[in-house]
Amino acid sequence: HWELKQVVEVLSLCLVMGTRCSAAVKREYNIQHGQCSYTFLLPEPENCQTQSSNYPVQKDGPMDQDESAQRLEQLEMTMENNTQWLLKLENYIQDSMKQDIVQLQQTAVHNHTATMIEIGTNLLSQTAEQTRKLTNVEAQVIHHTARLERRLLENSLSTNKLEKQLIVQTNEINKLKDKTSILEKKLMDMEEQKQVDLKTLQDEKEQLETLILRQTALIGEMEEQLLRVSSNNTFLQQQQQELLDTVNGLIQTISAGSVPESKSVMMRDTPSTFLDCAAVFKSGNTQSGVYTLTLPNTTTEVKAFCDMETDGGGWTVLQKRFDGTVDFNRTWQEYKKGFGEPSKEFWLGNEFISRLTNQHSYKLRIELSDWEGNSGFSQYDEFSLESEAQNYRIHFKGYSGTAGKISSIGQSGSDFSTKDADNDKCVCKCSQLITGGWWFDACGPSNLNGIYYQQRQNSNRFNGIKWYYWKGSRYSLKSTAMMVRPADF
Ligand SMILES: [Ca+2]
């Protein structure tokens, strides 16, 4: 645009001077503008000056008036033509320029728009990219949140579970604490009991030692007597001869005039073949006391106490306790053979009871009394013991009686146990725990062979003489008697 202006200025200058320039020397001017190119052919100003210096108009003042007027006229015309030509050129240039400017503006607008569109597109793609990234981030955030929520849920679930478990554990711990306190109490009771027992045993030991001393003194006396007796042996032999003579005389007297009644009395007094007290009773001996029985299928004699008064009599007594003078915490062999004295406290013997109750059908009767003056009994219609090989297993049925509405003897089919023979159903050893030999179950509701406790010491005892369904588990009885009689007596 600037070049064009310059061209127009040059052109105007040339037009002013043109009239005086010869057209012989001209210069070509090329101007490129957009798609258009313009070519101007203009006279060279230097040539013009050179020519004009030679031109005679400036130097010649007083020239021909006509010639001057003519030349002026020519110049004016040329000037006018040039002016018109210049106007045309100007218009033309202005038209071209307008088109160019419009085109330029359009191009600029177009370019601008394109740029704007490009920028817009870029922005859009960037926005899209950002949006995509944002979406990704959002998705990740959602994913993470979901995962966290899930974990939170899982955690809360496991926390609940743990809480429940904790509650259960706490309950169990409490239960265990309760049990522990109960056990501690029991242990303390047992320890106390043990100390009492120990004291009793020590007392007994002292008594026994005194007895031994007395017995030793007695033995000494007896030895002396024996010596004296042997010194009098000859005298005794004489006496024996005299006695023999007397007996012979008596025999002769008897054979001369026999007395049948006295003979039958003599037979009654020698009950060496009785199996049980029922047989003794039937033979006419109706007084309670000690009689000699024969162990079934043997010739072994056994001293036994017969109860001829209770419920019609004829009872062979298996066990008797009433004053605590006999220790019942004995071994298997002692319970097998029996111990104690038949006139006092005793156990008749498992072997005898087993053999006897396998001969016939026997009833069992248990007589009991407490420390408050009450008595009761438990009776079984059938009772027997198996052999030693079966641990003297007990069998019974048909319970009746007043010492409890339920039988206290335990389970039919229980084995006999002693402190040295554990045949019970307890993981413990009942006989060692509560003392005595018995048909313990685990350890069962009864033990008539437990420790004998005197009056006022008999309560709160776990190892006393127990008959649970009559007096409870911690009451020790005053007296007991176990006895059998044939079922068909
Ligand atoms: Ca056991």
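Refer to the structure presented above.
Residues numbered from 1 in each chain as written. Predicted model: local features only at pLDDT ≥ 70, side-chain atom pairs only at ≥ 80, totals over all residues. Heavy atoms only, no water.

**Section: the overall build of the chain**
- Along its length, the chain carries 10 helices and 13 strands.
- Taking all 489 residues of the chain together, 28% fall into the buried category.
- In the chain, once contacts between residues fewer than 6 apart in sequence are set aside, the share between residues at least 24 apart is 53%.
- Of the accessible surface of the chain, which amounts to about 33100 Å², a share of 55% is contributed by carbon and sulfur atoms. (Helix = DSSP H or I, 4+ residues; strand = E, 2+ residues; numbered from the N terminus. Buried < 20%, exposed > 50% of the residue type's maximum accessible area, 1.4 Å probe, protein only. Contact = heavy atoms within 4.5 Å. Areas by Shrake-Rupley, 256 points an atom, 1.4 Å probe, with all protein chains shown as cover.)

**Concerning the coordination of the calcium ion**
- Taken together, D422 (OD), D422 (OD), D424 (OD), C426 (O) and C428 (O) make up the full set of protein donors to the calcium ion, lying 2.2 to 2.6 Å away.
- When the donors of the calcium ion are listed by position in the chain, the intervening gaps give D-x1-D-x1-C-x1-C. (Donors = N, O, S within 2.8 Å, 3.2 Å for Na, K, Ca; no water.)

**Structural notes on the side chain of S354**
- Inspection of the secondary structure assignment puts S354 in helix α8 (residues 350–357).
- S354 has contacts with L385, E386, S387 and Y392, leaving out every residue within four places of it along the chain.

**Focus: the state of the cysteines**
- Evaluated as defined, the whole model comprises three disulfides.
- Between C430 and C443 runs a disulfide, and the two sulfur atoms are separated by 1.9 Å. Taking the sign of the S-S torsion, about -85° here, the bridge from C430 to C443 comes out left-handed. Taken together, the residues span a long stretch of sequence, with C430 in helix α9 (residues 430–434) and C443 in the loop between α9 and β11 (446–447) at a distance of 13 residues.
- On the accessibility criterion, C430 (0% relative accessible area) is buried. (Disulfide = S-S within 2.5 Å.)

**Brief notes about a nonpolar patch on the surface**
- A contiguous nonpolar surface patch, about 290 Å² in accessible area, is contributed by M116, I119 and L123.
- The residue I119 is located in helix α3 (residues 65–231) in this model.
- Taking relative accessible area as the criterion, I119 reaches 43% and is therefore assigned partly exposed. (Patch = residues over 30% accessible without salt bridge, like charges linked within 9 Å, V, L, I, M, F, W, Y side chains within 5 Å. Salt bridge = Lys/Arg side-chain N within 4 Å of Asp/Glu carboxyl O.)

**Digging into unusual backbone geometry**
- Along the chain, A442 connects to C443 via a cis peptide bond; the corresponding omega equals -5°.
- Positioned with a positive phi, Y392 is a non-glycine residue whose angle comes to about 50°.
- By secondary structure assignment, the location of Y392 is in the loop between β9 (375–385) and β10 (394–401).
- Y392 sits in the buried class, given a relative accessible area of 0%.
- If you check the backbone angles, N460 has positive phi at about 60° while not being a glycine.

**A word on the packing of aromatic side chains**
- Applying the stated criterion across every chain yields a total of 15 aromatic pairs.
- Arranged with centres 4.8 Å apart and planes meeting at 85°, the rings of Y468 and Y469 form a pair that is edge-to-face.
- Classification of Y468 by relative accessible area gives partly exposed; the value is 36%.
- Between R365 and the ring centre of F377, over which it is positioned, the NZ or CZ distance is 4.0 Å. (Phe/Tyr/Trp six-rings, centres within 6.5 Å; stacked < 30°, edge-to-face > 60°. Lys NZ or Arg CZ within 6 Å of the ring centre and 35° of its normal.)

**Overview of α8**
- The buried count for α8 comes to seven of eight residues, which makes it a mostly enclosed element.
- Buried residues of α8: N350, E351, F352, I353, S354, L356 and T357, and no others.

Taken by themselves, the reported measurements are silent on function.
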